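# Residue-level structural notes
Listed here are the chains, written in short residue letters.
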Amino acid sequence: DAGVTQSPTHLIKTRGQHVTLRCSPISGHKSVSWYQQVLGQGPQFIFQYYEKEERGRGNFPDRFSARQFPNYSSELNVNALLLGDSALYLCASREWDSSYEQYFGPGTRLTVT
Amino acid sequence: AQTVTQSQPEMSVQEAETVTLSCTYDTSESNYYLFWYKQPPSRQMILVIRQEAYKQQNATENRFSVNFQKAAKSFSLKISDSQLGDTAMYFCAFEHAGGTSYGKLTFGQGTILTVHP
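Residues numbered from 1 in each chain as written. Chains lettered and ligands numbered in written order. Predicted model: local features only at pLDDT ≥ 70, side-chain atom pairs only at ≥ 80, totals over all residues. Heavy atoms only, no water.

## Points about the pattern of salt bridges
Counting across every chain of the model gives ten salt bridges over all chains. Note that Arg67 of chain A is salt-bridged to Glu75 of chain A, the shortest N-O span being 3.3 Å. Under the relative-accessibility criterion, Arg67 of chain A is labelled partly exposed at 44%. By relative accessible area, Glu75 of chain A is classed as buried at 11%. Across the pair Glu52 of chain B and Lys55 of chain B runs a salt bridge, and its minimum N-O distance is 3.5 Å. (Salt bridge = Lys/Arg side-chain N within 4 Å of Asp/Glu carboxyl O. Buried < 20%, exposed > 50% of the residue type's maximum accessible area, 1.4 Å probe, protein only.)

## Quick look at the sheet that holds strand 1 (residues 5-7) of chain A
All names here are of chain A. In space, the four strands of this open sheet follow the order 1-3-8-7, with antiparallel pairing throughout. Sheet topology places strand 1 and strand 7 (64-68) at the edges, where each strand pairs with a single neighbour. Sheet twist, expressed as the mean angle between neighbouring strand axes with direction ignored, is 15 degrees. As judged from the five bridges shared by strand 7 and strand 8 (residues 74-78), these two strands associate in the antiparallel manner. Bridge pairing in strand 8 links Gln68 to Ser74. (Pairing = 2+ DSSP bridges. Helix = DSSP H or I, 4+ residues; strand = E, 2+ residues; numbered from the N terminus. Axes fitted to C-alpha atoms, helices over the stretch in contact; angles between N-to-C directions.)

## A closer look at the packing of aromatic side chains
Per the counting criterion, the structure on display carries 16 aromatic pairs over all chains. Their ring planes at 85 degrees and their centres at 5.4 Å tell us that Phe104 of chain A and Tyr37 of chain B sit as a pair that is edge-to-face. Placement of Phe104 of chain A in strand 10 (residues 103-104) and of Tyr37 of chain B in strand 5 (residues 32-39) is noted, with the two residues assigned to different chains. Exposure remark for Phe104 of chain A: the relative accessible area of 4% places this residue in the buried category. Classification of Tyr37 of chain B as buried rests on a relative accessible area of 1%. Pairwise contacts between aromatic rings join Tyr35, Phe45 and Phe104 of chain A together with Tyr33, Phe35, Tyr37, Phe91 and Phe107 of chain B into one cluster. (Phe/Tyr/Trp six-rings, centres within 6.5 Å; stacked < 30°, edge-to-face > 60°.)

Below is the structure:
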């Protein structure tokens, strides 16, 4: 079975621009979470979605938004990019009740110049 | 709010030897999970081992084992017979079991482990 996939792998944007990151969960997984990992630090929780509904939100500004589609894939959107948004963005999927293990994708490396 | 602290920014060990990575956490919850994740240079976050807070027995997975001290809020990872492939950043993580925090992992700052031949 394919693991969690994310696209694109790398992305370079300019301050003020908008970016959309995509995630496809493992088949059968209905929950997707997003994390931001700044270089040299641990990941920080951004959002969790389950069955297309937001179930959790971390301490991130409203410039960050996300959604989940009927096929359980997800998009993370960031508006008005700042230099500080440069990071590795990780997506993780899990089954809701039957497993407490989150499976992570390889991440999208976003660089804001 | 939960916090996770890893006090060792870097550790090194010789191949075949044993190393222990430290982690402490702070929470007012009684029901939670603890994890150790490995992140090699390839960036893929991989689960190493997990511990349910309600279980007194320490989890083990082959060469990896934990020392879970609930009262002290300590959760250390022991790697036996270290291998070159164990070289990676290791993260300790906490998840509240249930409620609105379910699914939210809180990570520590990480420990870079280097295994030398």
